[in-house]
Structures are given as C-alpha cells and as structure tokens.
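For reference, the chains in residue letters:
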Number of protein chains: 2
Amino acid sequence: MVQPAHVATTADRILDVAERLTQSQGYNGFSYADVAAELELTRAALHYHFPGKAELGLALVARYAQRFMTALSAIDALDDPCAELAAYAQLYLDVLEDRRMCLCGMLAAEHQTLPARMQDAVIAFFDDNERWLATVLDDGRAKGALTFAGTSEATARMIVDGLEGAMLVARLHHDPSRFRASADRLLDSLCT
Amino acid sequence: MVQPAHVATTADRILDVAERLTQSQGYNGFSYADVAAELELTRAALHYHFPGKAELGLALVARYAQRFMTALSAIDALDDPCAELAAYAQLYLDVLEDRRMCLCGMLAAEHQTLPARMQDAVIAFFDDNERWLATVLDDGRAKGALTFAGTSEATARMIVDGLEGAMLVARLHHDPSRFRASADRLLDSLCT
DNA sequence: GTCTATAACGAGATAGAC
DNA sequence: GTCTATCTCGTTATAGAC
C-alpha cells in the first residue's frame, strides 16, 4: 500500500515531532514521552515504529540529510554561483526562523554522546555539504563569478563553520537578523 | 581560612570535572554520579557543595566567564590588534585541543533546556565577548592595523560566529588543524 | 565535609491483550 | 497499530549518622 502524498504516516509524524524537539532541545533533551504526548499516542506505540531511541535518531539524521541533499540539487539548477551560495544560506535561515538549530549542528554538539551510527551519519552530513559547496566554489571561480584565496575545500569549510556558528549564536537572541548579517558578510566577500 | 594557591578545594575540583564533562558531553549529558565517581566521592557530597544541578551549572558558567574575561584582559596588554585577534583565536584552539567545545558554545546549543539564570549567563558571555572584540576592532582600525567593512559590532559577531562554528565542526573529526584553517582565513582578512 | 540509605521521579524498553 | 501494565535502571534530591 502506498500512502497518498498528502497524508503523513505515523512514522513520519513521529519523525516530524522528534526532529523539531531535537533541533530545539537536543537529542539528549527530549524523550519518547514528549513525542508521544504531542501526538496523543503512548510510548509503546512509538517503540513499534522505532524499536529504540537510537533507531529513531538514526532515521532522523537520514531523513534530514536526504532532504538537505535534495534541496542542494534544486539549488544547482539556479546555475548562478553567487545566487547558489545565497540560496544555501537561506536554507539555514529557514530553519532558524522558528528557533531551531540545524539538526546536524545540534548533533555535532552532542556528538560524543551519540550512538556510533548516528555519529557517522552526522560526519557524513558535513562532508557532503562541504563537497557540494566546493563544487559550487570551483565552478564559480572557473566562471569568474566567485573570488577566493586558497582551495575550494578550505573555503567551503569556512562557509559551513560560519553559518553553523551564526545559527548557534543567533538562536540565543531569537534574532534571525544577526544570522543574516553574519551570513551576508561571509558570502558577499566571495561574489565578484 | 584561605586555601594555599596550589591546593584546589573540593568545590573547585567538582567544577573542574563538571566543566570538562559539560564541554565534551553537554550539560544534559552528564550527571552528579559521573562527577562523583571521578572524584571518588558520593553524590551526596556534591549536593553539599552545590545544592542542585542548576546551582552547579550556574557556578560553571560564572567561573568560565570570569576566567575568559581575565584572559581577555591579558591579551589587551599585547597592544597589537592583529596579534590580539590571533591570541583570541588561540584561546579557542586551546580548548579544542583536548576535544572540548567552548563551554558557552555547548550551552548555546542546549540553551532552551537550561535553567533561566544559566540562560542569561550564557547570553552575557557572548555579549561580553562581542563587546571586547569590538573595542579591539575599533582600536585596530583607528591605528590602521586592521581593515574591515561595516561596524565593529557586526564584525565582532562574525568573528565569534566563525570561531564557535569552526570549533563545533572541527571537534567532529578531532582535528584542530581544521579549526586553525578556518580561523586563519577569518582573521587574516582583517589584518592589514 | 562526607557518608549510608532512601525517597521520588523519569527514561528506555518489553510482554501481551485488543 | 495501539493499548495497558510492568520492569529496570539512572537521575536528582533529602534525611540523618559520623
């Protein structure tokens, strides 16, 4: 049986709630009870869909990473390196708007406490982001649309670092404009 | 009675362990039992020194912030804006060397789950850092030692954001050289 | 200042009925 | 697929002896 596209399965609704809770309170900051209460289910029902919290957490990262990579593919279609970087920053801003941290940024902070497979998935998320950014940077430099010193890999890392850090700090004040200011300064220096 | 400078009080040793655990696993990622075991004390002894985890957490941030501000005062003595920025980044690198996150960076991630007074103290830490950096930047621009567009406040925020984010990500790979690369690119663009 | 003992609660998890 | 009931363990916290 295939679900109609507009009806979320229970598993999806669990992931939606768990994702928001993880982004706002951390993986170690929410419980099955929190998710169950919000969905008006019992904890046991959650265990049916995700046997343990480790499985839920892994599904969380996998879905988030997949969704993110899909968004990056869509950005590729812009075919304008400078606009692509701006669109990339906008992905972060969208998350920040309702006071969430990047899921993997949050999990990066908690990294040492995570199940091994979640740790690996978080690292892979950042590697994928850096790789994608590096191709945008290389492409932009080849086209003359972007200017930067050093390797595209190092520049990509600086962008990821800057955006993740800007989210982390801007969230304290619930102030997306702070994020935008940092992000703009970071990216404007690259666009010719 | 005053303690000799080289003998740490029990309260200090508790803070030392709790600080390291918070920086590596998060405030929600360690327990009184963890601290007690490492110090070969009981949990009850910890409650004597810090009635509850909220008080311990607040003392943690207060001590860290005070120590950090003292370090910033020492850096002021360098009287060379570019060297001062490098020394500032070095503070972060020192923390990262044994796989710790900045205490307040970690607490920023967990911010929404913290006791109210801890939340305020974390925000104050970042405000103080930004203020200090802004004075270094203003001073450096006046002397002609630093160049940057826009306000010193906005530039200060970009520096804090970049360094915190670089720590967050570099810690994943246990790779301080990544931090150094990001930090150098961030700061070199300011030094004339 | 530190201990033993215990209370009170929350978390993750499982068995088995429906 | 969801429920009730239960288990086990970890966590915070307190009382009272030493």
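Anything mentioned here points back to the structure above.
Because the structure is a prediction, the values reported are computed rather than measured.

Parameters at a glance
- Residue numbers run consecutively from 1 along every chain, following the written order of its sequence.
- Here chains are named by letter from A upward and ligands by number from 1 upward, in the order in which they appear as written.
- Local features are withheld for residues below a pLDDT of 70 in this predicted model, meaning they are given only at 70 or higher, and side-chain atom pairs are given and counted only at 80 or more; totals for whole chains, interfaces and linings count all residues.
- Side-chain descriptors were evaluated using all non-hydrogen atoms of the structure, hydrogens and water having been removed beforehand.
- Contacts are assigned to residue pairs with any non-hydrogen atoms lying within 4.5 Å of each other.
- Note: buried area is the sum, over both parts, of the accessible area (probe 1.4 Å) each one loses when the two are combined.
- One side-chain nitrogen of Lys or Arg within 4 Å of one carboxyl oxygen of Asp or Glu is enough to make a salt bridge.
- Between N or O atoms, a polar contact is any pair within 3.5 Å; within protein, one atom must be a potential hydrogen donor and the other a potential acceptor, and residues adjacent in sequence are included only when both atoms are from side chains.
- Secondary structure elements are taken from DSSP: a helix is a run of H or I of four residues or more, a strand is a run of E of two residues or more, and numbering for both begins at the N terminus.
- Superposition of the copies was done by least squares, using only C-alpha atoms of residues whose pLDDT is at least 70 in both.
- One heavy atom within 4 Å of a molecule or strand makes the whole residue count as near it.
- To count as a disulfide, a pair of cysteine sulfur atoms needs to be within 2.5 Å.
- Burial status follows relative accessibility: with a 1.4 Å probe on protein chains alone, a residue under 20% of its type maximum counts as buried, one over 50% as exposed, and anything between as partly exposed.

### Here we look at the interface of chain A and chain B
Okay, so step 1: Taken residue by residue, the interface counts 40 residues in chain A and 39 residues in chain B.
Okay, so step 2: Between chain A and chain B the total buried area reaches about 3,400 Å² when both faces are included, carbon and sulfur atoms providing 57% of it.
Okay, so step 3: The three residues of chain A that bury the most area against chain B are Q112, L172 and R185 of chain A, which together make up 21% of that side's buried surface.
Okay, so step 4: Inspection of the chain A/chain B interface yields two salt bridges.
Okay, so step 5: Between R178 of chain A and E130 of chain B there is a salt bridge; the shortest N-O distance is 3.3 Å.
Okay, so step 6: In this structure, the connection of chain A to chain B is made through 15 residue pairs in polar contact (both at pLDDT 80 or more).
Okay, so step 7: Contributions of two or more residues to the side of chain A that touches chain B are made by α1 (10-25), α6 (103-109), α7 (116-143), α8 (152-170) and α9 (176-188) of chain A.
Okay, so step 8: Per element, the largest residue contribution to the side of chain A that touches chain B is twelve residues, and it comes from α8 of chain A.

### Regarding the relation of the copies chain A and chain B
Okay, so step 1: Mapping chain A onto chain B is achieved by rotating through 180° and translating by 0.0 Å along the same axis, at an RMSD of 0.0 Å. Within this description, the copies of the chain are treated as partners about a two-fold rotation axis. Rotation axis and chain A: the residue whose C-alpha lies nearest the axis is G165 of chain A, separated from it by 1.8 Å.
Okay, so step 2: Take the interface residues of chain A: 98% of them recur as interface residues in chain B, which is what a same-surface contact looks like.

### Description of the protein's contact with DNA strand D
Okay, so step 1: As a structural note, the neighbourhood of DNA strand D is formed by 17 residues, with T42, Y48 and H49 of chain A together with Y32 and K53 of chain B the closest of them.
Okay, so step 2: The sugar-phosphate portion of DNA strand D accounts for 54% of its atoms within 4 Å of the protein, the bases making up the rest.
Okay, so step 3: R43 of chain B places a side-chain nitrogen or oxygen 3.4 Å from a base nitrogen of DNA strand D.
Okay, so step 4: Contacts to DNA strand D include H47 of chain B, whose side-chain N or O atom sits 3.4 Å from a base nitrogen.
Okay, so step 5: Of all the secondary-structure elements, those providing two or more residues to the surface near DNA strand D are α3 (43-49) of chain A together with α3 (43-49) of chain B.
Okay, so step 6: The element best represented in the surface near DNA strand D is α3 of chain A, accounting for five residues.

### With respect to the state of the cysteines
Residue and element names in this part refer to chain A.
Okay, so step 1: All told, the structure shown has two disulfides over all chains when counted by the stated rule.
Okay, so step 2: Across a sulfur-sulfur distance of 1.9 Å, C82 and C191 are joined as a disulfide pair. Between C82 and C191, the S-S dihedral sits near 105°, and the bridge is therefore right-handed. One end of the pair, C82, is in helix α5 (residues 81-97); the other, C191, is in the segment after α9, and 109 residues separate them in sequence.
Okay, so step 3: Looking at C82, the relative accessible area reads 27%, which means it is partly exposed.
Okay, so step 4: C102 provides the cysteine sulfur closest to C104, a residue in no disulfide bond, and the two sulfurs are 5.4 Å apart.
Okay, so step 5: The class of C104 is buried, set by a relative accessible area of 0%.

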